[in-house]
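What the coordinates show
Listed below are the residues making up each chain.
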Amino acid sequence: MEKQRDMDWWVSIPKVELHAHLNGSIRGSTLLELARGLGEKGTIVFSDVEHAILKDDRSLQEVFKLFDLIHIVTTDHKILTRITQEVVEDFAAENVVYLELRTTPKRNDLIGMSKRSYMEAVVKGLRAVTTVEVDLAPRDLGPGNPVNSCAITDLCDGTARKKIYVRLLLSIDRRETTASAMETVELALEMRDLGVAGIDLSGNPIVGEWATFLPALKFAREQGLSITLHCGEVPNPVEINAMLDFLPGRIGHACFFGEEEWRKLKSCKIPVEICLTSNIRTETISSVDVHHFVDLYNAEHPTVLCTDDSGVFSTSLSGEYILASSAFGLGRSEMFRLARKAIEFIFADDAVKRELGEIFESAARKLD
Ligand code: 6MZ
């Protein structure tokens, strides 16, 4: 009863999601349905896939094997459109008001898929969302321009539809070459008007070299794209230091940092995307009470709670807030402040920041 009330409260609070992988956020029921379909066609052996999907705890390396499997099931234009629509609707249903959704554009010649057509299928999914109004395009209204608060805060006549801002981050997979990473950056630049706000570096952290991705990441930044990096998912101090020296807009995880890396991170004030359930489920962090979130929080270092792969790890953003609140003994007002603070770290323009500020302000008034 108490737990349900807590969940209802967190669902009702506006939230900002900054670290969500599209294919990792797939609904479990959709993944099983799609896998069953491919099983019936004889493309895969369904029972093998079912076992892998339903398994609870997996090591980080097992997670990447699962992603290879998920990609066999999901990499098709129509399916991508469906997954994108469902993922956005699911986040909106728990009052995520701003979502940065990241995905790795994939080429598959066998089905006539290019990185561009992959992304077009994703954008089609955003446009197919019906349960909520999706704000996709950057507006750059500039400082003097008034904000259209009517549509976003439901304050006018109560008829305004619920709204979610969605911005896309294109991921570079650590298996890619420099040329392939560059192709992703070029695509991101071409798609800026469709809400692409930045670049992410992700994938199996024991694969690939930082030097391979650096030219594409540097180019992306020179062209005005924001950058977030999966950093320190495995102990690799040389890479962690090189990544911090690059001064990305944000980093994700930061699980295997030593004294020197913490010092550097804190002095640069690079915001950290914290994925509690993901870190625990993949045994990257042994238990939630020893998670580095608490040290960063106490140091007032910029942090944002995120889901990572809500489908794969069976979590939700509301669930992550509840987990942090109970594990670290933080009250609702502190947690609300944490949720609101995330606005500062988004990759969208200042007009969106102002509008999000109003949404949280309105929610805060209702709490008093
Ligand atoms: C690193 C991760 C990840 O891009 O196909 N991905 N990379 N660490 C993680 N923590 C567990 N979780 C997901 O979504 C799935 C892809 O996102 C990256 C991996 O490259 C995975 O294949 P998309 O939409």
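Because the structure is predicted, anything quoted here is derived from the model rather than measured. (Residues numbered from 1 in each chain as written. Predicted model: local features only at pLDDT ≥ 70, side-chain atom pairs only at ≥ 80, totals over all residues. Heavy atoms only, no water.)

Side note on empty space enclosed by the protein
Rules: A 1.4 Å probe that fits into a set of points on a 1 Å grid over the protein atoms alone but cannot get out defines a cavity; an open set with protein on both sides within 12 Å along at least five of seven lines defines a pocket, and lining residues are those with an atom within 4 Å of a point. Grid points are joined across faces, edges and corners, and a volume is the space filled by probe spheres set on the points. Each helix corresponds to a stretch of at least 4 residues labelled H or I by DSSP, and each strand to a stretch of at least 2 residues labelled E; elements are numbered beginning at the N terminus. Classes in brief: Ala, Val, Leu, Ile, Met, Phe, Trp, Tyr, Cys and Pro nonpolar; Asp, Glu, Lys and Arg charged; the others, Gly included, polar.
Considering all chains together, one arrives at 1 cavity of 30 Å³ or more under this definition. Taken as a whole, the largest cavity spans an internal volume of roughly 50 Å³. Lining the largest cavity are Arg174, Pro205, His230, Cys231, Gly232, Glu233, Val234, Asn236, Glu239 and Ile240. Where the lining of the largest cavity is concerned, the elements lending two or more residues are strand E6 (226-231) and helix H10 (237-246). Among the residues making up the lining of the largest cavity, the classes are represented as 4 nonpolar, 3 polar and 3 charged.

Focus on the side chain of Thr184
Counted only if it meets this: Residues are treated as being in contact if the distance between any of their heavy atoms lies within 4.5 Å.
Relative to the assigned elements, Thr184 resides in helix H8 (residues 178-190). If we skip the residues at most four places from it in the chain, Thr184 touches Pro105, Lys115, Leu170, Ser171, Ile172, Glu176 and Ile199.

Looking at the packing of aromatic side chains
We apply this condition: Here is the rule: rings of Phe, Tyr and Trp (six-membered ring for Trp) pair when centre to centre is within 6.5 Å. Planes less than 30 degrees apart are stacked, more than 60 are edge-to-face, and the remainder are tilted. Counting as a charge over the ring demands two things of the Lys NZ or Arg CZ atom: a distance within 6 Å of the ring centre and an angle within 35 degrees of the ring normal.
Under the counting rule described, the total for this entry stands at 8 aromatic pairs. Among the aromatic residues, ring-to-ring pairing joins Trp9, Trp10 and Tyr321 into one connected group. Taking NZ or CZ as reference, Arg221 lies 3.9 Å from the ring centre of Phe246, over its face. Against the face of Phe347 rests Arg250, its NZ or CZ located 3.9 Å from the ring centre.

Examining helix H3 (residues 46-54)
Put simply, the rule reads: Partly exposed describes any residue whose relative accessible area lies between the buried limit of under 20% and the exposed limit of over 50%, with all areas from a 1.4 Å probe on protein chains only and scaled to the type maximum. Note: the arc covers the axis-to-C-beta directions of the helix.
Among the residues of H3, Phe46, Val49 and Ile53 are the ones counted as buried. Buried residues of H3, seen end-on, are gathered within an arc of 65° and therefore sit on one face of the element. Seen from the open side of H3, the exposed residues pointing more than 90 degrees away from its buried face are Asp48 and His51. Taken together, the buried residues of H3 touch helix H2 (28-41) and helix H4 (60-74).

A few points about the pairing of E6
Counted only if it meets this: At least two DSSP bridges between two strands are needed for those strands to be called paired. If you view a crossover with the strands going away from you and the path from the first strand over the helix to the second runs clockwise, you call it right-handed.
Burial analysis of E6 places 5 of its 6 residues in the buried class, the great majority of the element. In this structure, strand E5 (residues 196-202) lies alongside E6, joined through 4 bridges in parallel fashion. From the neighbouring strand, Ile199 faces E6, where its bridge partner is Ile227. Pairing of E6 with strand E7 (residues 250-253), which is carried by 4 bridges, proceeds in the parallel orientation. Across the sheet, residue Thr228 finds its bridge partner in E7, namely Arg250. Traced from E6 through H10 to E7, the parallel crossover comes out right-handed.

Looking at the pairing of strand E1 (residues 15-21)
Burial analysis of E1 places 7 of its 7 residues in the buried class, which makes it a mostly covered element. Looking at chain direction, E1 and strand E2 (residues 96-103) are connected through 5 bridges and run parallel. Considered in E2, the bridge of Val16 is made with Tyr98.

Some words on the site of the ligand
Applicable threshold: To be near a molecule or strand, a residue needs just one of its heavy atoms within 4 Å of it. Whenever two N or O atoms come within 3.5 Å, that pair is a polar contact, provided that in protein one can donate a hydrogen and the other can accept it, and provided that, for residues adjacent in sequence, both atoms are side-chain atoms.
With respect to spatial proximity, 19 residues lie near the ligand, and among them His71, Thr103, Thr104, Lys106 and Asp309 are the closest. Measuring from an oxygen atom of the ligand, one finds a side-chain N or O atom of His71 at 2.7 Å. Taking Asp308, its side chain carries an N or O atom lying 3.2 Å from a nitrogen atom of the ligand. If one sorts the elements of the shell around the ligand by residue count, H4 sits on top with 4 residues.

Looking at the nonpolar core
Within soluble globular proteins, side chains that are nonpolar generally end up buried alongside one another. Definition in use: Here, nonpolar core refers to any group of buried Ala, Val, Leu, Ile, Met, Phe, Trp, Tyr and Cys residues whose side-chain atoms link them within 4.5 Å.
With 114 residues, the main nonpolar core has Ile199 and Leu217 as its most contacted residues. With residues near it in sequence (within four places) discarded, Ile199 still touches Leu170, Ile172, Thr184, Val185, Ala188, Leu217, Ala220, Leu225, Ser226, Ile227 and Thr228.

Focus: helix H5 (residues 77-93)
Three- or four-residue spacings in an α-helix give side chains the same orientation, since the helix completes a turn every 3.6 residues. For clarity, the cut-off: The span one expects for a helix is its residue count, reduced by one, times 1.5 Å.
With 17 residues, H5 extends 24 Å from end C-alpha to end C-alpha; this agrees with the ideal 24 Å at 1.5 Å per step. Where H5 is concerned, the buried positions are Ile79, Leu80, Thr81, Ile83, Thr84, Glu86, Val87, Val88, Glu89, Phe91 and Ala92. Where H5 starts, the residue carrying a side-chain oxygen 3.1 Å from the main-chain nitrogen of Lys78 turns out to be Asp76. Remark: Asn95 follows H5 within two positions and exhibits a positive phi of approximately 65°.

Considerations on the confidence of the model for the protein chain
Defined as follows: Confidence of the predictor at the level of single residues is given by pLDDT, which spans 0 to 100.
Looking at the protein chain, the pLDDT average stands at 92 and 94% of residues meet or exceed 70. Per-residue pLDDT stays below 50 along residues 141-158; that stretch engages in 28 contacts with residues further than four places along the chain or on separate chains. Reported for the predicted complex are a pTM of 0.94 and an ipTM of 1.00.

Quick notes on the packing of H10 against helix H11 (residues 259-268)
Just so we agree on the cut-off: For helices, the fitted line uses only the C-alpha atoms of the stretch in contact; every axis is such a line through C-alpha atoms, and the angle between N-to-C directions lies from 0 to 180 degrees. Reported orientations rely on four angle classes, namely roughly parallel under 35 degrees, roughly antiparallel over 145, roughly perpendicular from 65 to 115, and oblique for the rest.
Taken N-terminus to C-terminus, the directions of H10 and H11 make an angle of 10°; their axes are 10 Å apart at the nearest point. The pairing of H10 with H11 is recorded here as roughly parallel in orientation. Of the residues in H11, those in contact with Pro237, Ile240, Asn241, Leu244 and Asp245 of H10 are Glu260, Glu261, Lys264 and Leu265. The residue makeup of the contact of H10 with H11, split by class, is 4 nonpolar, 1 polar and 4 charged.

Observations concerning the environment of Thr103
Following the sequence through the fold, Thr103 ends up in strand E2. Apart from residues no more than four positions distant in its own chain, Thr103 is found in contact with Leu22, Asn23, Tyr118, Met119, Val122, Leu169, Leu170 and Ser171.

Observations concerning the side chain of Lys264
As for its position among the elements, Lys264 is in helix H11. Lys264 sits in the buried class, given a relative accessible area of 16%. Those residues in contact with Lys264, other than ones at most four positions away along the chain, are Asn241, Leu244 and Asp245.

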